[in-house]
Amino acid sequence: MRTNVLVIGGGVGGLTVALKLAKCGIGVTVVEQSKGSVHLYKGELVQPKTLQIFDSIGLQSPVLKKGHVINDIDIVERKNRSAPIDDLPVQSMSYNVLPHPFHHALMIPHETLKNILLEEAMKYPSFQYIQPARFLGFSNGQGRVKIGKEEVLIHADYYISAEGRKSKVRDEMDLGKKEKKYDHHFLTVTFPRPPTLTEGKIISNNHTFLGLFPLPGEMVRSVYLIPKGSYKRMIEEGLEEFYKKYLELCPSLDGYVQQIDSWKKIQLMIPVHYHVNHYVKNNIVLLGDAAHSVHPMAGEGMNLAIQDADVLGELLCWMYEHNKHSNDFLLLYEKVRKPRVQHILKLSHLSALAYSRPLRSFVSWRNKVMEQLTSDPILHIKHMLNISGLGIWKESIIDRAIQTGVVPKRQEDEGFQLDKRHLFTEIEDYPWRGMKEETKG
Ligand SMILES: Cc1cc2nc3c(=O)[nH]c(=O)nc-3n(C[C@H](O)[C@H](O)[C@H](O)COP(=O)(O)OP(=O)(O)OC[C@H]3O[C@@H](n4cnc5c(N)ncnc54)[C@H](O)[C@@H]3O)c2cc1C
């Protein structure tokens, strides 16, 4: 079998890059090992840069229609168990500080998003989707894929590994990766929500935290931090104990969380953090979770995969259009994406540490840091910009000093604004477009 580009894995990253290539008329084949739609909780928070990408490929409207807009993520610390939750101070991280129109995030069920991408890609004749089809490895520079009982060799100009965390291609490429594990795991489950819960919410105490992210259809996706190794014991304790834990942090879930009627609906999520040293080797390219995995704290994994796919898709379209098939050009993808991913990985890791031992129990310290972050206008804008993916505005030593309360925070009325220089420009996203004709190869 022959194709221009073989995409291994039909997750959000694989489907996005395949759709972009199909739009350019490049022959693209996606092989996906699963038999059909799988019920597995995965990323559902779409950050502003990802919304911008959907807008650029004409998917903004269907995505918005099937999603729930998030403007704010409210942070509440329950230092004192007896204090009514409604009386506790709320610190709001607001996406609205970002420039219009990508000044909000969106929650959308993972499978719904994949279906939108797949349906759109199916409209293009150069797109081919084979499912179930399992990639087995490489043989003489061709991909070995098991389709039904048959083993097929697929020959492509480029191979994209978008197989997620357990990437076979990454292991074969032997690119090396540094991995970090955490002292905590998460439980995650979706259930009906009270109608008043319309924005994101993170409620924490000195043992744990509960993240609540509203989905369309009056549902809410929750993530609950548990100590590593406590999952089995919690199942033995039963659902009643599980409900109590949620209600202790968020009493308004009473009558809602109890609608989770089986442990089978609750998924264990084990955070890992890694980043491969290189994304490209010869004509093989890694993207998404195959290349990096981020702690789920910042809700970035799915976004990084789609943002990788956007840059790689644009680059390959350009390479085919201009007939520039050189490894030097392919490396531009890594050059754009790796430092951005590294920055997000660092931010998420730092947030994760705040909820790891021994810092987990320092509620007052964490509260102070969050208060400074949300009420200092520059810190707030920088944080929202950095997690949005729309740009990078690194924190300075003064910012750090303000965040920890060593230096007083800046005042709102000083008129601080997002400096446009910190937004990624088109040339920064796709630098090959700015290359002079003679340097193009
Ligand atoms: C439980 C859980 C919760 C998460 N929550 C969040 C969140 O709230 N926010 C967020 O942003 N991110 C979250 N993430 C991370 C996010 O889902 C991932 O970062 C994102 O899905 C990565 O996309 P991907 O396309 O790179 O990989 P995946 O989504 O993992 O897709 C890889 C695809 O490749 C297929 N595949 C694998 N091996 C082969 C093979 N050999 N042959 C053919 N096909 C193959 C798989 O079946 C799969 O469909 C979560 C992840 C998990 C596991």
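Criteria and cut-off values
Residues numbered from 1 in each chain as written. Predicted model: local features only at pLDDT ≥ 70, side-chain atom pairs only at ≥ 80, totals over all residues. Heavy atoms only, no water. Axes fitted to C-alpha atoms, helices over the stretch in contact; angles between N-to-C directions. Helix = DSSP H or I, 4+ residues; strand = E, 2+ residues; numbered from the N terminus. Parallel < 35°, antiparallel > 145°, perpendicular 65-115°, else oblique. Left-handed = near helix turned anticlockwise from the far one by under 90°. Contact = heavy atoms within 4.5 Å. Nonpolar A, V, L, I, M, F, W, Y, C, P; charged D, E, K, R; others polar. Near = heavy atom within 4 Å. Polar contact = N/O pair within 3.5 Å; in protein donor to acceptor, adjacent residues only side chain to side chain. Areas by Shrake-Rupley, 256 points an atom, 1.4 Å probe, with all protein chains shown as cover. Buried < 20%, exposed > 50% of the residue type's maximum accessible area, 1.4 Å probe, protein only. Pairing = 2+ DSSP bridges.

Caption draft 1: Expanded view of the packing of helix α1 (residues 12–23) against helix α8 (residues 301–321). Closest axis-to-axis distance for the α1/α8 pair is 8 Å, and the angle between their directions is 25 degrees. On the basis of the axis angle, α1 is roughly parallel to α8. Read as a crossing pair, α1 and α8 show a hand that is right-handed. Taken together, the residues of α8 that come into contact with α1 (itself represented by V12, G13, T16, V17, K20 and L21) are M302, A305, I306, A309, D310, L312, G313, E314, L316 and C317. Classifying every residue of the contact of α1 with α8 gives ten nonpolar, three polar and three charged.

Caption draft 2: View of the site of the ligand. Close to the ligand lie 29 residues, the nearest being E32, K42, G43, Q267 and D289. In the environment of the ligand, an oxygen atom lies 2.7 Å from a nitrogen or oxygen atom belonging to the side chain of K42. Contact between the ligand and M302: an oxygen atom at 3.0 Å from a main-chain N or O atom of the residue. In isolation the ligand exposes 1,000 Å². Once the protein is present, 88% of that is buried. Counting residues per element, the ones that place at least two in the shell around the ligand are α1, β9 (133–139), β17 (267–269) and α8. Counting residues per element, the shell around the ligand draws most heavily on α8, which supplies four residues.

Caption draft 3: View of the pairing of strand β13 (residues 184–192). The buried count for β13 comes to seven of nine residues, which makes it a mostly enclosed element. Strand direction decides the pairing type here: β13 and strand β16 (residues 219–227), joined by nine bridges, are antiparallel. Residue L187 lies in a different strand from β16, and its bridge partner there is Y224. Two elements, β13 and β17, share three bridges in a ladder whose sense is antiparallel. Its bridge partner lying in β17, T188 is registered against Q267.

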